[in-house]
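One letter stands for each residue in the lines below.
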Amino acid sequence: MKVRIDEDLCAGHGRCYTLAPGVFDCDDRGQGSVISEDVPEGLRAQAELGAQNCPERAIIITEN
Ligand code: SF4
């Protein structure tokens, strides 16, 4: 799976990197970033948890 963040939508709430620190990190402005766009299967649940809890729906998950 691949995960990315739409920077135009991200408002820096920090829920993604608080709930799923194995997948998301924050940049120096407090906005979300992805540690690696290619997320291994073992981190799928974390990635989905972060996406489900993003108030801005800024996290995009694709399967490839
Ligand atoms: S939860 Fe969403 S809005 Fe908040 S930092 Fe993460 S991607 Fe950005």
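Remember, it's a predicted structure, so these values are computed and weren't measured experimentally.

The rules behind these values
Residues numbered from 1 in each chain as written. Predicted model: local features only at pLDDT ≥ 70, side-chain atom pairs only at ≥ 80, totals over all residues. Buried ≥ 20, exposed ≤ 12 C-beta atoms within 10 Å, placed from the backbone. Helix = DSSP H or I, 4+ residues; strand = E, 2+ residues; numbered from the N terminus. Pairing = 2+ DSSP bridges. Near = placed C-beta within 6 Å. Nonpolar A, V, L, I, M, F, W, Y, C, P; charged D, E, K, R; others polar. Contact = placed C-beta atoms within 7 Å.

Draft legend 1. Examining the pairing of strand β1 (residues 2-5) more closely. Side chains V3 and I5 project from β1 onto a buried face, and the interleaved K2 and R4 project onto a face without burial. Bridging between β1 and strand β4 (residues 59-62) involves four bridges; their strand directions are antiparallel. Residue K2 lies in a different strand from β4, and its bridge partner there is T62.

Draft legend 2. Molecular detail of the site of the ligand. Taken together, the neighbourhood of the ligand is formed by 14 residues, with C10, H13, C16, G32 and C54 sitting nearest. Taken together, the residues that form the shell around the ligand break down as seven nonpolar, five polar and two charged.

Draft legend 3. View of the environment of L49. Among the structural elements, L49 can be located in helix α2 (residues 44-52). By C-beta crowding, L49 is classed as partly exposed, having 15 other C-beta atoms within 10 Å. Each C-alpha atom, one on L49 and one on L19, is 7.2 Å from the other, the two residues being 30 residues apart in sequence. What L49 contacts, discounting residues up to four positions off in sequence, is L19 and A20.

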